[in-house]
Amino acid sequence: MYSEIVKEYFKNPINMGYMGYMGNARSIGIIENEVCSDIIKIYLKIGKDIIVDAKFEAKGCPPVIASCCIVTEVIKDMNIEQLKHIDRKFIIEELDGLPKEKEHCAELVQKTLYRAIDNYKNKKIRS
């Protein structure tokens, strides 16, 4: 059902954990999906508009956790303007596909990342 990448990230997630302002997070994106009860938080540590570090906390299924792992890994060292290229399709491809009924998980993670970017640009949730 799930690719080996999804299974591995679910069993051994990377970049999972709380960063918050004590960890120098400059922005946080939070999404709660009322339909499936997923909660996703993406923390961004940003220096001169470059992603220095990224972490996440999530309550969700394997595709949510795996999507968060992929996103928080690939965005490191990217300029915030480059992040708009991290979309649902990119995430799904990086995970070697998701079942159709789980593709919304990649979209939720994308939306969480975009919310963190918007919060940074709009100086919300920013230290």
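Right above here is the structure, for reference.
Quick look at the structure, then.

**With respect to the side chain of N15**
Relative to the elements of secondary structure, N15 occurs in the loop between α1 (4–11) and β1 (27–32). On the accessibility criterion, N15 (12% relative accessible area) is buried. Only 3.0 Å separates the side chain of N15 from the side chain of E73, close enough to count as a polar contact. At 2.8 Å, the side chain of N15 forms a polar contact with the side chain of K76. Not counting residues up to four positions away in its chain, the partners in contact with N15 are A54, K55, F56, C69, T72, E73 and K76.

**A few points about the nonpolar core**
Counting residues in each nonpolar core, the largest one holds 36 residues, and the members touching the most others are L44, I75 and L113. Where this core is concerned, the elements lending two or more residues are α1, β2 (39–47), β3 (50–59), α2 (62–74), α3 (88–94) and α4 (103–121). The leading source of residues in this core is α4, at 8 residues. If we ignore the near neighbours within four places in the chain, the residues touching I75 are L44, I51, A54, L83, I86 and L113.

**Observations concerning the packing of α1 against α2**
Contact geometry of α1 with α2 gives a least axis separation of 8 Å together with a crossing angle of 90°. In terms of orientation, α1 lies roughly perpendicular with respect to α2. Side by side, α1 and α2 meet where V6, Y9 and F10 of the first sit next to P62, P63, I65, A66, C69 and I70 of the second. For the contact of α1 with α2, the per-class residue count stands at 9 nonpolar, no polar and no charged.

**Some thoughts on α2**
Given a rise of 1.5 Å per residue, 13 residues ought to cover 18 Å, and the 18 Å separating the end C-alpha atoms of α2 matches this to within 8%. With 11 of 13 residues buried, α2 lies mostly within the body of the structure. Elements that come into contact with the buried residues of α2 comprise α1, β2, β3, α3 and α4.

**A short note on the packing of α2 against α4**
Axis separation between α2 and α4 bottoms out at 8 Å; the angle between their running directions is 45°. With respect to α4, the element α2 is oriented oblique. In this structure, α2 crosses over α4, and the sense of that crossing is right-handed. Every residue of α4 that contacts α2 at P63, V64, S67, C68 and V71 is listed here: C105, A106, V109 and L113. When its residues are assigned to classes, the contact of α2 with α4 shows 8 nonpolar, 1 polar and no charged.

The rules behind the values
- Residues numbered from 1 in each chain as written.
- Predicted model: local features only at pLDDT ≥ 70, side-chain atom pairs only at ≥ 80, totals over all residues.
- Heavy atoms only, no water.
- Helix = DSSP H or I, 4+ residues; strand = E, 2+ residues; numbered from the N terminus.
- Buried < 20%, exposed > 50% of the residue type's maximum accessible area, 1.4 Å probe, protein only.
- Polar contact = N/O pair within 3.5 Å; in protein donor to acceptor, adjacent residues only side chain to side chain.
- Contact = heavy atoms within 4.5 Å.
- Core = buried A, V, L, I, M, F, W, Y, C linked by side-chain atoms within 4.5 Å.
- Axes fitted to C-alpha atoms, helices over the stretch in contact; angles between N-to-C directions.
- Parallel < 35°, antiparallel > 145°, perpendicular 65-115°, else oblique.
- Nonpolar A, V, L, I, M, F, W, Y, C, P; charged D, E, K, R; others polar.
- Expected span 1.5 Å × (residues − 1).
- Left-handed = near helix turned anticlockwise from the far one by under 90°.

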